[in-house]
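# Fold and contact review
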Amino acid sequence: MKNCDLLIRNARIYNGLGDGPDNGPSPGPANISNGAVADLAVDGDRIVDLGPGLDYHAAHEFDARGLALAPGFIDVHTHDDTAVLRTPQMLPKISQGVTTVIVGNCGISASPVTLHADPPDPMNLLGGRDDFRYPTFREYISAIAEARPAVNVAALIGHTALRSNHMNRLDRAATEAEVGAMRAHLDDALAGGALGLSTGLAYLSAIHATTEEVIALAQPLAAHHAVYTTHLRSETETILDALREAFTIGDQSQVPVIVSHLKCAGIANWGRSPEVLSALEAVRETQAVGCDCYPYAAGSSTLDLRQVDERVAITITWSTPHPEVSGQPLARIAESWGVTQLEAARRLQPAGAIYHSISEEDMRRILAHPATMIGSDGLPLDPRPHPRLWGTFPRVLGRYSREEKLLPLAAAIHKMTGMPAARFGLEGRGVLTPGAFADLVLFDPESVTDTATYSDPIQPAKGISHVWVNGVLTYTAQESTGERAGRFLPRGRTRWIQ
Ligand code: ZN
Ligand code: CU
């Protein structure tokens, strides 16, 4: 009999590849389809076998009858750049079954950054001046190795972060020389294994960048087989123009495009998701294009005066001059101060907010679309974070798949595992197959659910039974085991399955 470290018996297997005809060959033994009951054997950091009735002598063995076994979830949209170093147990994520986070989204990354002043908005979402200590991408990778986070970390490089390195002011387009300096930084990071470039063109720190600036900067991506991700220039009235700009950048640079947290924001745009998704589908015939989405009808970021609309409920999550208002509606603050909401918002700056500015119906349509991956967009430093930080993945599984039947479980899991691993080039991740890394989550499909709410946002999910990262048991019985086996994941070969 062969030996192995861990044998999980009688689990319902979800292989991460979904059930679609175009999701690649079935993993391992061809007879294991999604939902089938089988055993899985792990040795060291790898899955070594998968199939019914495996014959192994295992150091640890247990019966997972009634539980679902999936590849560890990949959170494709995070702002965990400094959280993986400051709070390496990464409880908000590991408690959801997330085993890999992709940092550096929305144009902001912790590296390569040299600040000359306080971080510009929205880089302040990642921390204060002292948190930006990685002038090169390699230094950031070493910091990850030293911190040993509980989850794997893969990283994008932020356009705004590069702008802040090389520009004396951000309210203008970069000059050719500045773009050249930014490009050299990006190229170096890509050589070090960064996944690609992210932009946050809606923010005031990047909105003055022209399309040409981004195309010129994006030039090294293709040779590295890297990707372009973007928080669109607009998610409101001009979203179609913003999408077109993103597709043009991808087309001119010959790289895949991932639209971040796709949504139709603002009351005037509710109901436009079919139009937006058709635009995406049309381009998918000729270009590699996809998106990510969080399963909530509210967004969150720094407080943006342009988004203050008396018809939209806004909650203040933090404010530097007025920390006492954390958790209060902007409307109530304005009333008690006897000023307009816009004036109150001005006085609260710098601040963070949750905007209830998305329609549930649009969000559901985008979430269920085959182009969409799951990304939390959680803000780990927020004292009163949007509940997506702790709830995103179990909410998709419990509320949207099981309860509302918006999408089958295998499809939901595919959006959090095999699909992102292929698109971002995370080799050996996101699938259950012999030879793949043993990033695993075992959960109860009948009870898995999010518990974090807007009023009580710091709450671990229910129904996540065991989480292994690189073969190491990291979370069980609603607690961290204390082990931290995450690694930095360099970009591998991307495979784009539309
Ligand atoms: Zn964003
Ligand atoms: Cu984001």
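Residues numbered from 1 in each chain as written. Chains lettered and ligands numbered in written order. Predicted model: local features only at pLDDT ≥ 70, side-chain atom pairs only at ≥ 80, totals over all residues. Heavy atoms only, no water.

So, on to the pattern of salt bridges. A side chain of one charge can pair with a side chain of the opposite charge if their charged atoms are brought near each other. Applying the stated rule across the entire model yields 28 salt bridges. Put simply, Arg272 and Glu275 hold a salt bridge, and the shortest N to O gap is 3.1 Å. Taking relative accessible area as the criterion, Glu275 reaches 37% and is therefore assigned partly exposed. One salt bridge in this structure joins Arg395 and Asp450, with 3.2 Å as the shortest N-O distance. Of the two residues, Arg395 sits in helix H12 (residues 388–403) while Asp450 sits in the loop between strand E17 (440–443) and strand E18 (464–469), which places them 55 residues apart along the sequence. (Salt bridge = Lys/Arg side-chain N within 4 Å of Asp/Glu carboxyl O. Buried < 20%, exposed > 50% of the residue type's maximum accessible area, 1.4 Å probe, protein only. Helix = DSSP H or I, 4+ residues; strand = E, 2+ residues; numbered from the N terminus.)

Turning our eyes to something else, we now look at the packing of aromatic side chains. What the rule picks out here adds up to 7 aromatic pairs. An angle of 80° between the planes, with centres 6.4 Å apart, marks the rings of Tyr296 and Tyr454 as edge-to-face. With Tyr296 in the loop between strand E12 (289–293) and strand E13 (299–302) and Tyr454 in the loop between E17 and E18, this residue pair connects regions lying 158 residues apart in the sequence. Tyr454 sits in the partly exposed class, given a relative accessible area of 31%. Grouping aromatic residues by their ring pairs yields a cluster made of Tyr134, Phe137, Tyr140 and Phe488. Lying across the ring of Phe437, Arg46 places its NZ or CZ 3.9 Å from the centre. The ring of Tyr294 is capped by Arg388, whose NZ or CZ atom sits 4.6 Å from the centre of that ring. (Phe/Tyr/Trp six-rings, centres within 6.5 Å; stacked < 30°, edge-to-face > 60°. Lys NZ or Arg CZ within 6 Å of the ring centre and 35° of its normal.)

Here Asp121 and Pro122 are connected by a cis peptide whose omega angle stands at 0°. Locating Pro122 in the fold gives a position in the loop between strand E7 (98–103) and helix H3 (137–147). Here the bond from Gln349 into Pro350 is cis, since omega is -10°, no more than 30 degrees from zero. Structurally, Pro350 is set in the loop between helix H10 (341–348) and strand E15 (351–355). The backbone of Asn10 sits at a positive phi, close to 60°, despite the residue not being glycine. Relative to the helices and strands, Asn10 is located in strand E1 (residues 2–13). Phi is positive for His261, close to 30°, though the residue is something other than glycine.

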